[in-house]
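Residue-level structural notes
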Number of protein chains: 2
Amino acid sequence: MTADHHSLLVVGSVALDDLDGPFGRRPDVLGGSASYISVAASYFTDRVQLVAVVGDDFPSEHKRFLGARGIDLDGLETQPGTTFRWRGRYAEDLETRETLDTQLGVFAEFRPHLTPKQSAADLIFLGNIDPVLQLDVLDKCRCPKLVACDTMNFWINGKLDELRKVLERVDILLVNDEEARQLAGVHNLVRAAEAIRMMGAKSVIVKRGDSGAILFHESGVFAAPALPLAEVLDPTGAGDSFAGGFMGSLARAAAVTPDAIRRAMIYGSVLASFCVEDFSLDALRDLSLAEIAERFKSFYDLTHFEHLDL
Amino acid sequence: MTADHHSLLVVGSVALDDLDGPFGRRPDVLGGSASYISVAASYFTDRVQLVAVVGDDFPSEHKRFLGARGIDLDGLETQPGTTFRWRGRYAEDLETRETLDTQLGVFAEFRPHLTPKQSAADLIFLGNIDPVLQLDVLDKCRCPKLVACDTMNFWINGKLDELRKVLERVDILLVNDEEARQLAGVHNLVRAAEAIRMMGAKSVIVKRGDSGAILFHESGVFAAPALPLAEVLDPTGAGDSFAGGFMGSLARAAAVTPDAIRRAMIYGSVLASFCVEDFSLDALRDLSLAEIAERFKSFYDLTHFEHLDL
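Here the structure is a predicted model, which means the values were calculated and not measured.

**As for the sheet that holds strand S12 (residues 213–217) of chain A**
Residues and elements named next belong to chain A. Ordered by their spatial adjacency, nine strands build an open sheet running S5-S4-S1-S8-S9-S10-S11-S12-S13, and the pairing between neighbours is mixed. Of all the strands in the sheet, just strand S5 (72–79) and strand S13 (220–224) have a single pairing partner and so form its edges. The mean angle between the axes of side-by-side strands here comes to 15 degrees, regardless of whether they run parallel or antiparallel. Two elements, strand S1 (residues 8–11) and strand S4 (residues 48–55), share four bridges in a ladder whose sense is parallel. Note that in S4 the partner of valine 10 across the bridge is leucine 50.

Below is the structure:
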């Protein structure tokens, strides 16, 4: 346990995905936002705690993998029933996907219980779950240094009041561009982010797939590009890998400064860039810190220019 | 005349646009790729030469404006007949547009004639015209230091052989993402750019609208973001303003080095970001160098992060 790191609590879904696309069919692979987030974060710190629920059909190999990544699985409950399953199909260009089936299974009755250690976490990531549960987790957290959360169109449509209560209590909302537009009711992303910040979220990160991610916060705007990749196999989990790399690198940082947040945006992009190069979580199984540092350098080379007067 | 700048020859279209969109209808405004390119470039150097054709209906105020920007109009022919006219309508979100009408007018018979001064230009920008004419211009240019060109789906479909002959002779192709994909016959942009570079273009710049632009060249990849703007009025000419800012800043640079090309990508983005804030070329009528420098700094702040070891 690296005591000088911040501890990171990740609450969300652990799922079994059934993917179909130009890459062929991949049934029963490990998925779920909390899986991607905690695994991506695990490359930066061994102080990641996962709170989620799986059914008794959940393969023990997946649990072993998560444990081997140094993730604290005390909060990974197993309940009688089936694990959350998502089935989706990607278009030929991998840019759009269709949800073919969602089976909530034991996730329908998920009620996060936090141990004292979990409620003492420094950094909290509230994955894309019912805002009522997100609020419940927040009530149980003692004095987090930073709270980030995700959400989706389903909650924006169905539980907007509860979601707005969550937003009043989070430091950073991470959503994709369509979610930001829907939540704010405005198409322009600058104005959408401004509207969401008026709802209470101190900062907004808008994830834009292969166009990168943009951070809007009080001290300005920061754009992290996506790394142009010659081979993208499976985009599943890219946004969650971004969130995990982002939170993990903040957990490792001495303090959550504006500079640390910019670097965290890049580390998020680094983990997302690895994620899409293989199926499911496969590309995130066995990275080295050297590979992560090398890709961070690629992002530096991708964006760096000298400031020189005209 | 600032003799230590490179001279820049811009060959392309000068048009009258009839725009419709959420901003209302704007009939008979100045348009055409060569207008945007030469005006954007004129902020960097007074050595811009424009070669294009207009009809005798072309308002003298537009000619006066181009001349007042210091652009050499010796190559702006007036022919009996009507100026090239384009009529387009933007969707509510400004992200898609529909061409309602195109009237080539005198542009249909455009044959660029170059004076000795024009054929001696250091930098050449071949706007989106028939590749046969692009080749003809190249044949007339004596010893350009750098040739850049644009093209579009119409020529990719209709004159691919001629276009490939152009590509064998250009240093930089600037196209949007769909054009790059169509020309290369592959969806992935990294592989599309690679395929286009195999055709002969030394570098490829892929313009992606509000996702910025990516440069692919032998020494790697550089991504310039678009500046997130709270107010976008009219996206017409953004890509051409990018091209103009890019070429203009190269004309002003002491040498076309990799660093100068990166900064040129940012100056292109700067001019594009101004362009979309008003209708037609209106935002590019009266910028100051201080405003350009300030916005360059905004791009630096938007992308800059410290490289720090994990």
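**With respect to the relation of the copies chain A and chain B**
With an RMSD of 0.0 Å, the fit of chain A onto chain B corresponds to turning through 180 degrees and sliding 0.0 Å along the axis. On the angle and the small slide along the axis, the relation comes out as a two-fold axis. Judged by C-alpha distance, Ser211(A) is the residue of chain A that lies nearest the rotation axis, at 2.8 Å.

**Some details on unusual backbone geometry**
Positive phi is not limited to glycine here, since Leu94(B) has a value of about 65 degrees. You can see Leu94(B) is positioned in the loop between strand S6 (85–90) and strand S7 (97–103).

**A short note on the environment of Ile37(A)**
Residues and elements named next belong to chain A. Counting through the fold element by element, isoleucine 37 comes out in helix H1 (residues 33–41). A count of 34 C-beta atoms within 10 Å places isoleucine 37 in the buried class. Measuring from C-alpha to C-alpha, the distance between isoleucine 37 and aspartate 177 comes to 19 Å, with 140 residues separating the pair along the chain. Setting aside residues no more than four positions away along its own chain, isoleucine 37 makes contact with Val10, Gly12, Phe125, Gly127, Asp240, Ala243, Gly244 and Met247.

**Focus: the sheet that holds strand S4 (residues 48–55) of chain B**
Residue and element names in this part refer to chain B. The nine strands lie next to each other as S5-S4-S1-S8-S9-S10-S11-S12-S13, forming an open sheet whose pairing is mixed. The open sheet has two edge strands with one neighbour each: strand S5 (72–79) and strand S13 (220–224). Adjacent strand axes in the sheet meet at a mean angle of 15 degrees when their direction is disregarded. Note: strand S12 (residues 213–217) against S13, five bridges, orientation antiparallel. Pairing of histidine 217 across the sheet is with glycine 220, part of S13.

**Here we look at the interface of chain A and chain B**
Counting residues at the interface gives 34 residues for chain A, matched by 34 residues for chain B. For the side of chain A that touches chain B, the elements supplying multiple residues, two or more each, are helix H8 (189–199), S13, helix H10 (258–275) and helix H11 (289–303) of chain A. Top element by residues in the side of chain A that touches chain B is H11(A). It accounts for seven residues.

**Observations concerning H1(A)**
Here H1(A) lies mainly inside the structure; nine of its nine residues are buried. Residues Ser33(A), Ala34(A), Ser35(A), Tyr36(A), Ile37(A), Ser38(A), Val39(A), Ala40(A) and Ala41(A) constitute the buried set of H1(A).

**Examining the confidence of the model for chain A**
Put simply, chain A has an average pLDDT of 96, and 100% of its residues get 70 or more. Our summary of model confidence lists the complex with pTM equal to 0.95 and ipTM equal to 0.94.

**What about the pairing of strand S10 (residues 172–176) of chain B?**
All names here are of chain B. Counting buried positions over the five residues of S10 gives four, a clear majority of the element. Of the pairings in the sheet, the one linking strand S9 (residues 146–150) to S10 comprises three bridges and is parallel in character. Among the inter-strand pairings, cysteine 149 is bridged to a residue of S10, identified as leucine 173. In terms of strand pairing, S10 meets strand S11 (residues 203–207) through five bridges, oriented parallel. Within S11, the residue paired with leucine 173 across the bridge is valine 204.

**Here we look at the packing of H1(A) against helix H9 (residues 238–252) of chain A**
Residues and elements named next belong to chain A. One can describe the packing of H1 onto H9 by two numbers: an axis separation of 7 Å at closest approach and a directional angle of 40 degrees. By the angle between their axes, H1 is oblique relative to H9. As for how H1 packs across H9, the hand of that crossing is right-handed. Two secondary-structure elements touch here, H1 through Ser33, Tyr36, Ile37, Ser38, Val39, Ala40 and Ala41 and H9 through Asp240, Ser241, Ala243, Gly244, Gly245, Met247, Gly248 and Ala251.

**As for the environment of Gly212(B)**
All names here are of chain B. Residue placement: glycine 212 occurs in the loop between S11 and S12. With 13 residues separating them along the chain, glycine 212 and proline 225 place their C-alpha atoms 4.1 Å apart. Those residues in contact with glycine 212 that lie beyond four places of it in its chain are Ala223, Ala224, Pro225, Ala226 and Ser269.

**Describing the pairing of strand S8 (residues 123–126) of chain B**
Remark: a regular strand shows side chains that alternate across the two faces of the sheet. All names here are of chain B. Residue alternation in S8 divides its side chains into two sets, Leu123 and Phe125 and Ile124 and Leu126, and both sets are buried. Inspection of the sheet shows S8 paired to S9 by four bridges, in the parallel sense. Looking at the pairing, leucine 126 lines up with cysteine 149 of S9. Following the backbone out of S8, through helix H4 (residues 131–140) and into the adjacent parallel S9, one traces a crossover that is right-handed.

Reading the values: the criteria
- Residues numbered from 1 in each chain as written.
- Chains lettered and ligands numbered in written order.
- Predicted model: local features only at pLDDT ≥ 70, side-chain atom pairs only at ≥ 80, totals over all residues.
- Pairing = 2+ DSSP bridges.
- Helix = DSSP H or I, 4+ residues; strand = E, 2+ residues; numbered from the N terminus.
- Axes fitted to C-alpha atoms, helices over the stretch in contact; angles between N-to-C directions.
- Least-squares fit on C-alpha atoms with pLDDT ≥ 70 in both.
- Buried ≥ 20, exposed ≤ 12 C-beta atoms within 10 Å, placed from the backbone.
- Contact = placed C-beta atoms within 7 Å.
- pLDDT = per-residue confidence, 0-100.
- Parallel < 35°, antiparallel > 145°, perpendicular 65-115°, else oblique.
- Left-handed = near helix turned anticlockwise from the far one by under 90°.
- Right-handed = clockwise from strand over helix to strand, strands pointing away.

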